[in-house]
Amino acid sequence: MPKTTSPSRRSQGERTDATRAALIAAARALFEQQGFAATGTPEIVAAAQVTRGALYHHFADKTALFHAVCQQLAQEVADEIELQTRQTRKPLNALVNGANAYFAAMAEAGRARLLLLEAPAVLSAEQLMALSDVAGFGALKEGLAEALGHGRGDSVPLHELSVVMSAAFDRAALAIARGEVAGPYQQAIRLLLSGLIA
């Protein structure tokens, strides 16, 4: 008679990853609905169906968990920008497509609220800069460097220009996320970039 095999049990690493993912997913949903300050760790562990001990095993505190949520959001935004720009050859079109992808990505599921409003009140300046680099600033700087780099030498303050443009993108993303029509902002960004690169 052949032996029956029991279903394989998850490894410790798989259980650890699943617990961490459950905490991030639960915290993300609560932070999106209520904001950072109004969300307590008891709510998070209850929603994740884990213990408080599990929470503090993975994250030093609620701020560390919030940072992990923001890292996930920033990577999602970066992935969507990459998807919309990877086949674009002309630098101007790549910048415009990247801006439009950024607006669309930030309009989804509370991303603008958490990354642009909550994060600056909760995270350190270094953490914010790292999130910004992931969520589009790095790609914007690279795109501007490519678009402006031909024959311009060092005459363009590239970093500072990228900071100013990024701030404009963030302001527009917030407006769109709050329900304003995206079209005029997309048109404004195209005009701004076209004039800059001409």
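Note that the coordinates shown come from a computational prediction; the quantities given were computed from them, not determined experimentally.

J.: Please explain the environment of valine 181 as it appears in this structure.
T.: Examined against the element boundaries, valine 181 turns out to sit in the loop between helix H8 (158-177) and helix H9 (182-197). Put simply, valine 181 and glutamate 76 are 105 residues apart on the chain and 22 Å apart in space, counted from C-alpha to C-alpha.

J.: How do you make sense of the UniProt feature "domain: HTH tetR-type" (unreviewed entry) in the protein chain when you look at a structure like this?
T.: Mapped onto this numbering, the UniProt entry annotates "domain: HTH tetR-type" (unreviewed entry) at residues 17-77. With 80% helix and 0% strand, residues 17-77 has end C-alpha atoms that lie 22 Å from one another.

J.: For this particular structure, what's the right way to read helix H7 (residues 125-148)?
T.: Owing to its 3.6 residues per turn, the α-helix brings residues three or four apart onto one side. Here H7 spans only 28 Å end to end across 24 residues, well under the 34 Å set by a 1.5 Å rise per residue. Bending of H7 peaks at approximately 65 degrees at the position of aspartate 133. When H7 is considered as a whole, its buried residues turn out to be Leu131, Ala135, Gly136, Phe137, Leu140, Gly143, Leu144, Ala147 and Leu148.

J.: Sorry, what's going on with the packing of aromatic side chains here?
T.: Per the counting criterion, the structure on display carries five aromatic pairs. Their ring planes at 70 degrees and their centres at 6.0 Å tell us that phenylalanine 103 and phenylalanine 169 sit as a pair that is edge-to-face. With phenylalanine 103 in helix H5 (residues 91-106) and phenylalanine 169 in helix H8, this pair connects stretches of sequence that are 66 residues apart. You'll find phenylalanine 103 and phenylalanine 169 in the same group, each marked buried. The cationic tip of lysine 62 hangs over the ring face of phenylalanine 36; the distance from NZ or CZ to the ring centre is 4.2 Å.

J.: Honestly, the side chain of threonine 41 in this entry has me stumped. Any pointers?
T.: Structurally, the position occupied by threonine 41 is in helix H2 (residues 41-48). In contact with threonine 41, not counting residues within four places along its chain, are Arg52, Leu55, Tyr56 and Lys62.

J.: So what exactly am I meant to see when it comes to the packing of H8 against H9 here?
T.: Angle between the axes and distance between the axes are the two parameters that describe a pair of packed helices. Direction vectors running N to C along H8 and H9 enclose 165 degrees, while the axes themselves pass 9 Å from each other. When the axes of H8 and H9 are compared, the pair comes out roughly antiparallel. The handedness of the crossing between H8 and H9 is right-handed. Two secondary-structure elements touch here, H8 through Leu161, Met165, Phe169, Ala172, Ala175 and Ile176 and H9 through Ala182, Tyr185, Ile189, Leu192, Leu193 and Leu196. Among the residues forming the contact of H8 with H9, the class breakdown is 12 nonpolar, no polar and no charged.

About the cut-offs
Residues numbered from 1 in each chain as written. Predicted model: local features only at pLDDT ≥ 70, side-chain atom pairs only at ≥ 80, totals over all residues. Heavy atoms only, no water. Helix = DSSP H or I, 4+ residues; strand = E, 2+ residues; numbered from the N terminus. UniProt positions renumbered as here; feature names shortened; annotations may be inferred. Expected span 1.5 Å × (residues − 1). Bend = angle between axes of the 7 residues up to and from the residue. Buried < 20%, exposed > 50% of the residue type's maximum accessible area, 1.4 Å probe, protein only. Phe/Tyr/Trp six-rings, centres within 6.5 Å; stacked < 30°, edge-to-face > 60°. Lys NZ or Arg CZ within 6 Å of the ring centre and 35° of its normal. Contact = heavy atoms within 4.5 Å. Axes fitted to C-alpha atoms, helices over the stretch in contact; angles between N-to-C directions. Parallel < 35°, antiparallel > 145°, perpendicular 65-115°, else oblique. Left-handed = near helix turned anticlockwise from the far one by under 90°. Nonpolar A, V, L, I, M, F, W, Y, C, P; charged D, E, K, R; others polar.

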